[in-house]
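Listed below are the residues making up each chain.
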Amino acid sequence: MSEQPVLEVSNLVKHFQSGSRLGGGRTVVRAVDGVDLTIGRGEILGLVGESGSGKSTVGSCIARLTQPSSGTIRLLGRDISTLSRREMRPLRSEVHVVFQDPYSSLNPRMTVGQIVTEPLRQHRRGTRAERNRIVSDMLERTGLSLELVGRFPHELSGGQRQRVALARALVLGPSLVIADEPVSALDVSVQASILNVILDLQIDLGFSCLFITHDLSVVEFISDRIAVMYLGKIVETATRAELFRDPQHPYTQALLSAAPTADPSSARGRERIILSGDLPSPTEEISGCPFHARCPVAIDRCTNEVPLLLGVTGPDHQSACHLVTAENGAPLINQGDKNLVHNAS
Amino acid sequence: MSQKMITAKPKAASSTPRPRWQRVARRFARRPMAVTGLILVVGFVLFAILGPILLTDPNQQDFTAILQTPSFAHLLGTDDLGRDVFARIANGARVSLMAGVMSTALALIIGITIGLITGFYRGWVDVVVMRIVDVMLAFPFLIFAVGLAAILGASLTNVIIALAVSQVPEVIRIARGEAMAIREQEFVSGAVADGARDGTIMFRYIAPNAMSAFIVQATVAIPAAIIGESTLSFLGLGVQPPMSSWGIMLTSAQQYLAQAPYLALFPGIAIALTALGFNLLGDGLRDVLDPKETR
Ligand SMILES: Nc1ncnc2c1ncn2[C@@H]1O[C@H](COP(=O)(O)OP(=O)(O)OP(=O)(O)O)[C@@H](O)[C@H]1O
Ligand SMILES: [Mg+2]
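The paragraphs below set out a description of the structure included in this document. (Residues numbered from 1 in each chain as written. Chains lettered and ligands numbered in written order. Predicted model: local features only at pLDDT ≥ 70, side-chain atom pairs only at ≥ 80, totals over all residues. Heavy atoms only, no water.)

## Topic: empty space enclosed by the protein
All names here are of chain A. Short version of the rule: The method works on a 1 Å grid over the protein atoms by themselves. A cavity is a set of points holding a 1.4 Å probe that cannot get out, a pocket is an open set with protein on both sides within 12 Å along at least five of seven lines, and residues with an atom within 4 Å of a point line them. Grid points are joined across faces, edges and corners, and a volume is the space filled by probe spheres set on the points. Residues were grouped as follows: Ala, Val, Leu, Ile, Met, Phe, Trp, Tyr, Cys and Pro as nonpolar; Asp, Glu, Lys and Arg as charged; and all remaining residues, including Gly, as polar. Numbered from the N terminus, helices here are DSSP runs of H or I no shorter than four residues, and strands are runs of E no shorter than two.
Within the structure shown, the criterion is met by four cavities of 30 Å³ or more. Of the volumes computed, that of the largest cavity is approximately 60 Å³. What lines the largest cavity is a set of 13 residues, among which Cys289, Cys295, Cys302, Cys321 and His322 lie closest to the centre. A class-by-class count of the residues in the lining of the largest cavity yields ten nonpolar, three polar and no charged. Counted as a void, the second largest cavity has a volume near 40 Å³. Broken down by secondary-structure element, the contributors of at least two residues to the lining of the second largest cavity are helix H5 (158-170) and strand S7 (176-180). A per-class count over the lining of the second largest cavity returns nine nonpolar, no polar and no charged.

## Topic: the environment of A:Arg225
Residues and elements named next belong to chain A. As a reminder of what qualifies: Whenever a nitrogen or oxygen atom comes within 3.5 Å of another N or O atom, the pair is scored as a polar contact, on the condition that within protein one atom can donate a hydrogen and the other can accept it, and that pairs from neighbouring residues in sequence are kept only if both atoms are in side chains.
Mapped onto the elements of the fold, Arg225 is located in strand S9 (residues 225-230). Placed 17 residues apart in sequence, Arg225 and Glu242 show a C-alpha to C-alpha distance of 8.9 Å. Within the structure, the side chain of Arg225 is placed 2.4 Å from the backbone oxygen of Thr38, a separation counted as a polar contact.

## Details of helix H2 (residues 32-54) of chain B
Structurally, the α-helix is built with 3.6 residues per turn, so residues lying three or four positions apart point the same way. Rule in force here: What the bend at a residue measures is the angle between two axes, fitted to the seven residues ending there and to the seven starting there. Between two residues, a contact is recorded if the distance between any of their heavy atoms is within 4.5 Å.
Its maximal kink placed at B:Ala48, H2(B) deviates by approximately 35°, while the proline B:Pro52 follows within four residues. Looking at the buried side of H2(B), the elements it contacts are helix H1 (20-29), helix H3 (85-121), helix H10 (246-252) and helix H11 (262-289) of chain B.

## Observations concerning the pattern of salt bridges
Residue and element names in this part refer to chain B. Convention followed: Any Lys or Arg side-chain nitrogen found within 4 Å of a carboxyl oxygen on Asp or Glu counts as a salt bridge. With a 1.4 Å probe rolled over the protein chains alone, any residue whose accessible area is under 20% of its type maximum counts as buried; one over 50% counts as exposed, and the rest are partly exposed.
In the structure shown here, the tally under the stated rule is 20 salt bridges over all chains. Across the pair Arg88 and Asp79 runs a salt bridge, and its minimum N-O distance is 3.7 Å. Judged by relative accessible area, Arg88 falls into the buried class, the value being 6%. A salt bridge links Arg286 to Asp283; the nearest nitrogen and oxygen atoms lie 3.9 Å apart. Here Asp283 and Arg286 lie together in helix H11, a separation of three residues that amounts to about one turn. Taking relative accessible area as the criterion, Arg286 reaches 28% and is therefore assigned partly exposed. Because the salt bridges share partners, they merge into one network encompassing Arg31, Asp283, Arg286 and Asp287.

## A look at unusual backbone geometry
It is generally the case that most residues other than glycine have a negative phi and that most peptide bonds are trans. In this structure, A:Asn11 takes a positive phi of about 50° despite not being glycine. Mapped onto the fold, A:Asn11 is located in strand S1 (residues 7-18).

## Details of the site of ligand 1
All names here are of chain A. Keep this limit in mind: The rule for a residue being near a molecule or strand is that one of its heavy atoms must lie within 4 Å of it. A 1.4 Å probe and the Shrake-Rupley method give the accessible areas. Residues count as covered only by the protein chains that appear here.
Around ligand 1, a shell composed of 13 residues is seen, among which Ser51, Gly52, Lys55, Ser56 and Thr57 lie nearest. A distance of 3.0 Å separates an oxygen atom of ligand 1 from a polar atom in the backbone of Gly54. Within the side chain of Thr57, one N or O atom sits 2.5 Å away from an oxygen atom of ligand 1. Look at ligand 1: alone it shows 630 Å² of surface, and the protein chains cover 63% of it. Elements with a minimum of two residues in the shell around ligand 1: strand S2 (27-39) and helix H1 (55-62). Grouping the amino acids of the shell around ligand 1 by side-chain chemistry returns four nonpolar, six polar and three charged.

## Focus: the sheet that holds S1(A)
Residue and element names in this part refer to chain A. Selection rule: The rule for pairing is simple: two strands pair if DSSP sees at least two bridges between them.
Taken in spatial order, the four strands make up an open sheet running S2-S1-S4-S5, and their pairing is antiparallel. Edge strands, defined here as strands with exactly one partner in the open sheet, are S2 and strand S5 (78-79). Across ten bridges, S1 lies against S2 in antiparallel orientation. Along S2, the bridge assignment pairs Phe16 with Val29.

## Considering the packing of aromatic side chains
Residue and element names in this part refer to chain B. As a reminder of what qualifies: Stacked, edge-to-face and tilted labels apply to pairs of Phe, Tyr and Trp rings (six-membered ring for Trp) whose centres lie within 6.5 Å, assigned for plane angles under 30 degrees, over 60, and everything in between, in that order.
One pass over the full model with this rule turns up ten aromatic pairs over all chains. Each ring, one from Phe44 and one from Phe47, has its centre 6.5 Å from the other, and the planes form 70°; the classification is edge-to-face. With Phe44 and Phe47 both in helix H2 and three residues apart, this pair spans about one turn of that helix. Ring centres of Phe47 and Phe86 lie 5.4 Å apart, and the angle between their planes is 40°; this geometry places the pair in the tilted category.

## Focus: the interface of chain B and chain A
Test applied: Accessible surface is computed with a 1.4 Å probe, and the buried area is the amount of it that two parts give up when combined, taken over both parts together.
Counting from both sides, the interface comprises 35 residues of chain B and, opposite them, 40 residues of chain A. Across the chain B/chain A interface, buried area totals approximately 3,400 Å², and carbon plus sulfur atoms make up 48% of it. Counting every contact that joins chain B to chain A gives three salt bridges. A salt bridge links B:Arg204 to A:Glu118, with the nearest nitrogen and oxygen atoms 2.4 Å apart. Between chain B and chain A we count 13 residue pairs in polar contact (both at pLDDT 80 or more) in total. Elements with a contribution of two residues or more to the side of chain B that touches chain A: H1, helix H7 (186-194) and helix H8 (198-209) of chain B.

## Looking at the sheet that holds strand S10 (residues 233-239) of chain A
Residue and element names in this part refer to chain A. As a reminder of what qualifies: Between N-to-C directions, angles span 0 to 180 degrees; the directions come from axes that are lines fitted to C-alpha atoms, helices contributing only their stretch in contact.
Ordered by their spatial adjacency, seven strands build an open sheet running S6-S7-S8-S3-S9-S10-S12, and the pairing between neighbours is mixed. This sheet does not close on itself; its edge strands, each paired only once, are strand S6 (95-98) and strand S12 (318-319). As judged from the six bridges shared by S9 and S10, these two strands associate in the antiparallel manner. Across the sheet, the residue bridging to Val228 is Glu236, located in S10. Sheet strands touched by H5: S6 and S7. Its angle to S6, the strand with the most contacts, is close to 175°.

## Some details on the packing of H2(B) against H3(B)
Residue and element names in this part refer to chain B. To keep it simple, the criterion reads: Comment on the angle field: the value is read as roughly parallel under 35 degrees, roughly antiparallel over 145, roughly perpendicular from 65 to 115, and oblique elsewhere. Each crossing gets its handedness from the near helix: less than a right angle anticlockwise from the far helix is left-handed, clockwise is right-handed.
Axis separation between H2 and H3 bottoms out at 8 Å; the angle between their running directions is 120°. As the angle between them shows, H2 and H3 are arranged oblique. Crossing of H2 over H3 shows left-handed handedness. Counting all contacts with H2, which are made through Phe44, Val45, Phe47, Ala48, Ile49, Gly51 and Pro52, the residues of H3 involved are Phe86, Ile89, Ala90, Asn91, Ala93, Arg94 and Leu97. Classifying every residue of the contact of H2 with H3 gives eleven nonpolar, two polar and one charged.

Below, the structure is given as structure tokens:
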């Protein structure tokens, strides 16, 4: 039985034009450069990658808050990538967003009650009394006291605001929620409670979620499946357990080795691998694999030929690396010699 | 569905929440400057409405009593035609306040609408509108109003129109700037994700967040328009006798500055107090309408 995925993104591209039109020094920022993603019903897909890799741009294209340069975005089977603002409006009941900064993402001139009612108003759902009931229910589900209905966002704590943002995003019962670093701006003590609310609500309401973060412990906690992004491309995707057990792409290996781990016996606990060099500028066009310049095990082919995202070792574990083979599996980056700082810990 | 724990703790037995306008009114009442402003503005409005009814006829000439200093018979003295200055100030208040408030209100309605739209959509409409605005702003406010009033002809309605149109470019500039800055904020993306229409975003999200800029503009513009009206009247482009305004009184008092300085003083004080009133009121409104302000 193959159920239709909630979201199917293929070959998504977003290039930003920057620089002056007249100056001639116009550059293109390749924020998203050919991304494929699928999210099944009720699935939480964690999208990880370092700052500037294009995660937020992917999320904002999918929510059609940014116009993609090319590619298709199928939401519940319908391609929304070229819909106009007006055509997109009715579909907004199926996808909503939670932003990173709960201070700027809520209208400072509206009360909590108004903010959570807005989606219902815009889509003309229910009578006033019904809306109030739905809003109260949603506030309660996100763990907010009904006394807060008349409060303004600035009167709330960061965690409370993020609960309001969550209630607002879920009040129409969307199929997909895009959560762009929803806990990164919060105190560590508050982060866990918000993550738990998201998980509980996901079980109750059954929405799918694209959960964007750069924090590996968060992604490990919340995701069913994980996609790793590097320089505008997905370099690896697998189920959570599989990805942490057998990271294949050299970039994923380096990323996991750098993260603190709760389980020191796991493969990634032994040695910290620190990549040399910085994330290259997304304005330059890179030939071959986007990671080759920092990759410890890169070969000539990596500089010439773009690796495709393929399920070499199995259909559910895809990686975009020439060196992953069905016989030998993934290359081990701590055995490479280039561009590497070994740091036994 | 299991009942969820309510984790956010309610503020210790918070008193029954009052309607928003009551909270705003209480905060307003706690600001002596704002209250002073309100009293001044309301006072002048009442004065403009009731004065001409209760006081002597402002056009009653008495050649036996010209250029008299203030006395019990004539509280603020008499002018060169023996008319009661107090009655004339009350009478002039109607024209001055109408010209100031109506022209500013009109300019705000037109300018905010155009400015929000151009700042929100940008594109070629914005380019065209801003070219026109830049040309209009190159003329001083008064020169523009004078030119317009000369074309329209002398009447109170035309004075209001001329003053309003002359103010519009500045309001467009301010509203456009606010729209451009606020539309980049994340809560506007949130509104788009909610499914809000463009009009909703402009008038429910952007305009309320630009309110303080608009209030400040209004408190500056009303006194300026009152003075603008007096200039137009002085040039014969404003209201015609027997109608009068503070501006007309001020300018006609110039000839008697040496003999009867109070003739210029009292309308001058009226203009200054009105300007002060609107300024204080505007500052107060801006503060109490800002939900972040808690005092
Ligand atoms: N509106 C824009 N105009 C020009 N460049 C942009 C714009 N938005 C993003 N970029 C660029 O696109 C690239 C990807 O940005 P994006 O915000 O998607 O990254 P990210 O992975 O979300 O990073 P972070 O973890 O810092 O949020 C960056 O180089 C960024 O500077
Ligand atoms: Mg981001």
